[in-house]
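# Architecture and fold: a report
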Amino acid sequence: MRGVFATILQNRAVAEDILKMVLRGKDGAGLAGARPGQFLMVRCSDTSDPLLRRPMSLYDVSGDTFSIVYRVVGAGTRLMAKMPEGGEVHVIAPLGNGFNLPPQSGRVALVGRGVGAAPLVFLAKTAIAQGKRVFGFISATSRESLVGVEDLSKMGVELQTGVDTDGSSTELLDLIRERHSAEPFDYVATCGSRRMLRLVQDLRTATGVPGEVLLETRMACGIGVCKGCVVMTADGTYKKVCTDGPVFPVELIAG
Ligand SMILES: Cc1cc2nc3c(=O)[nH]c(=O)nc-3n(C[C@H](O)[C@H](O)[C@H](O)COP(=O)(O)OP(=O)(O)OC[C@H]3O[C@@H](n4cnc5c(N)ncnc54)[C@H](O)[C@@H]3O)c2cc1C
Ligand code: FES
């Protein structure tokens, strides 16, 4: 983990209210060794407003560049959306513990909703590089706000998408169950939807397939100091999402 000034190579809309920011560390060191599921803390302003950095998952790491994909939801992300290409931004990265792809797994399912699909793209790239077959189940409230589908499709992920406004994702959830019972996945990762998390938990309970979830909580420091991100786990213990996570085994999280 280190703080780095990065040059903004790209900061453009890729979906409705969603932008992709591509960065290059000014010291040229990049984020070699960073893992899917790890995140950055982004300084959104040169002033003290907003004071706190905003956590964003790594969307990709490639050579000396790395990227995030973010939804504009409030003050911090509105400022990020205005950052000019060619300008610079300060980030602390990489933070947290990433996904743990089991080395023996051959069939990996990635289940994401909305901007929650962002960290799954880096995970898909890593899994494919390891020779695994990757299945993507991505949903959103509209076709225009589906995240990552073009990149996932280009890298050879077998992709199913779903669009619904109420978060039900019924057809997609049925499809995941069907695919799993026909030919089981041996690892499932999810982010962005409680309903999808519950499905992955059910698969885990019924068939023992390991699953992990990336949790997005409010964070103040991102480095384990403030305790602002603490969640109570299914066994009644408390975990800091920033340093114990943000990726957790699904059975540890209350659905
Ligand atoms: C580990 C981690 C990885 C993340 N990765 C991404 C990512 O790749 N792309 C992305 O778009 N977002 C991601 N997020 C969420 C992102 O950090 C927040 O959306 C961002 O901090 C909002 O900042 P803001 O100042 O724009 O909004 P604020 O003004 O702080 O909030 C605006 C609204 O969004 C809600 N909100 C803010 N943060 C969260 C949150 N974490 N979860 C749910 N609701 C929230 C607030 O309650 C409020 O209603 C991640 C969060 C974590 C913890
Ligand atoms: S965000 Fe401060 S301890 Fe996790």
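Our subject is the structure listed above.
Reference entry: report on the structure contained in this document. For every chain, the first residue of the written sequence is number 1, and numbering continues from 1 onward in sequence order. Just so you know, chain letters begin at A and ligand numbers begin at 1, following the order they were written in. In keeping with the predicted nature of the model, local features appear solely for residues at pLDDT of at least 70, side-chain atom pairs appear and are counted solely at 80 or more, and the whole-chain, interface and lining totals rest on all residues.

### A closer look at the environment of Ala34
Within the element layout of this structure, Ala34 appears in the loop between strand E2 (18-25) and strand E3 (39-42). Counting other C-beta atoms within 10 Å of a residue's C-beta gives its exposure: the residue is buried at 20 or more, exposed at 12 or fewer, and partly exposed in between, where C-beta atoms are placed from the backbone. You can call Ala34 partly exposed: it has 19 C-beta atoms within 10 Å. The spacing of Ala34 and Met21 is 13 residues in sequence and 17 Å in space, taken between C-alpha atoms. Not counting residues within four places of it along the chain, the set of residues in contact with Ala34 comprises Leu58, Val61, Ala93 and Pro94. Helix and strand assignments come from DSSP, with helices taken as H or I runs of at least 4 residues and strands as E runs of at least 2, each series counted from the N terminus. Contact definition: two residues whose C-beta atoms, as placed from backbone geometry, lie within 7 Å.

### As for the pairing of E2
Here, strands pair whenever DSSP counts at least two bridges between them. Two elements, strand E1 (residues 2-15) and E2, share 8 bridges in a ladder whose sense is antiparallel. Residue pairing in the sheet places Thr7 in a bridge with Arg24 of E2. Of the strand pairs in this sheet, E2 and strand E6 (residues 65-71) are connected by 7 bridges, and their pairing is antiparallel. Of the residues in E6, the one forming a bridge with Arg24 is Thr65.

### Let's talk about the pairing of E6
In this structure, strand E5 (residues 60-62) lies alongside E6, joined through 3 bridges in antiparallel fashion. Note on E6: the bridge partner recorded for Asp60 is Ser67. Count of turn residues in the E5/E6 antiparallel hairpin: 2 residues, of which Gly63 carries a positive phi of about 55°.

Geometric values such as these leave the question of function open.
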